[in-house]
Each structure stands twice: as C-alpha cells, then as structure tokens.
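The primary structure of each chain is shown beneath.
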Amino acid sequence: MRKSDAYKTRFPHSCIVYGVTGETPFGEGVTHIFYQGECHMYGSSSLRTFKQQGVIKGEYAIDIPKLVKGVNSGDLIDVTDYNGTFTACVVTNSMPVVYGKHEGTTIYFNLPKN
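Just so it is clear, the model here is predicted, and its values are computed rather than measured.

### Quick notes on the overall build of the protein
Secondary structure summary: the protein contains 1 helix and 8 strands in total. With 114 residues in all, the protein has 32% of them scored as buried. Looking at the protein alone, contacts between residues at least 24 apart form 50% of all its contacts between residues at least 6 apart. Accessible surface computed for the protein: about 7600 Å², of which carbon and sulfur atoms make up 53%.

Written out as structure tokens, the structure is:
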C-alpha cells in the first residue's frame, strides 16, 4: 500500500467546518469557512455520547489532519461519509490534538434535530 493510499484510508470522509455571523430574520449573514477537505467522522460506542468529567460533549466527532483555529460551540459542520451527507451539524467542542510529529483537530458535534 502506498503512503497516499494509507492516508486516504485514515481520512476517508469530507467535511466543511464553518460559522455564520450577522444572521437575521431578514438576511442570511456572512459565512466564514474554517476548513474544507478530508476528515474522519465517527460516533461514540458508549451510549453514542462523548463525555468529559460527566458532561456530554457530543454524539459524533470528526478528526481533521491539520490544526483548525477559531472553531467555537455553535458553529456548523457539513460532513459526507459512506451513508450520505449530513448538513448543519452543530459544533459542541473543538480541541487540538498532537500525535507525535503530527498535529490535528478533533471537533465534537450533534446532528441537527428536526
């Protein structure tokens, strides 16, 4: 397996992480894209929630293979995996991750409610 093939296997999904500012009932506001590219989406296997000190962080998470700054709770994610595309997922937490020499970002989120 080539190195590029292993990399694509590790980050097989695609996502857009963005925030919207200045949104009003009369206007859509301005969209700021923090990241657009490959990622790895996964859900928690322990009752479908990630917890930190007993507080629920989110039902799902994505790993991004680079540092993404400026992402806050309430920002949005569109993610495409093998099951389809999920749009306007709400960010609950974002944190930098370091794996040896490699830096990345983990973002926790919930699917939008109907």
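### Examining unusual backbone geometry
Despite not being glycine, alanine 88 has its phi angle at roughly 55°, a positive value. Tracing the chain through its elements places alanine 88 in strand 7 (residues 84-99).

### A closer look at the pairing of strand 6 (residues 76-81)
Of the pairings in the sheet, the one linking strand 1 (residues 13-21) to strand 6 comprises 5 bridges and is antiparallel in character. Its bridge partner lying in strand 6, cysteine 15 is registered against valine 79. With 5 bridges joining them, strand 6 and strand 7 adopt antiparallel strand pairing. Bridge pairing links leucine 76 to valine 90 in strand 7. Count of turn residues in the strand 6/strand 7 antiparallel hairpin: 2 residues.

### Some remarks on the packing of aromatic side chains
Aromatic rings in a pair are described by how distant their centres are and how their planes are angled relative to each other. Tallied over the full model, the rule gives 1 aromatic pair. Judged by centre distance (5.9 Å) and plane angle (25°), the ring pair of tyrosine 60 and phenylalanine 109 falls under stacked. Here phenylalanine 109 lies in strand 8 (residues 102-110) and tyrosine 60 lies in strand 5 (residues 60-64), a separation of 49 residues in the sequence.

### So, the layout of surface pockets
To find leftover empty space, one rolls a probe the size of a water molecule over the atoms. Reported here for the largest pocket is a volume of approximately 230 Å³. Lining the largest pocket are 14 residues, and of these Arg10, Phe11, Pro65, Tyr99 and His102 sit closest to its centre. Considering every element that reaches the lining of the largest pocket, the biggest residue donor is strand 8, with 5 residues. Split by residue class, the lining of the largest pocket holds 6 nonpolar, 5 polar and 3 charged.

### What to know about the environment of glycine 19
In this fold, glycine 19 is placed in strand 1. The contact partners of glycine 19, leaving out residues within four places of it in the chain, are Val30, Thr31, His32, Phe34 and Asp75.

What counts, and where the lines are drawn
- Residues numbered from 1 in each chain as written.
- Predicted model: local features only at pLDDT ≥ 70, side-chain atom pairs only at ≥ 80, totals over all residues.
- Heavy atoms only, no water.
- Helix = DSSP H or I, 4+ residues; strand = E, 2+ residues; numbered from the N terminus.
- Buried < 20%, exposed > 50% of the residue type's maximum accessible area, 1.4 Å probe, protein only.
- Contact = heavy atoms within 4.5 Å.
- Areas by Shrake-Rupley, 256 points an atom, 1.4 Å probe, with all protein chains shown as cover.
- Pairing = 2+ DSSP bridges.
- Phe/Tyr/Trp six-rings, centres within 6.5 Å; stacked < 30°, edge-to-face > 60°.
- 1 Å grid on protein atoms, 1.4 Å probe; cavity = no way out; pocket = protein on both sides within 12 Å on 5 of 7 lines; lining within 4 Å.
- Points joined across faces, edges and corners; volume = space filled by probe spheres on them.
- Nonpolar A, V, L, I, M, F, W, Y, C, P; charged D, E, K, R; others polar.

By themselves, these observations are geometric and do not establish any function.
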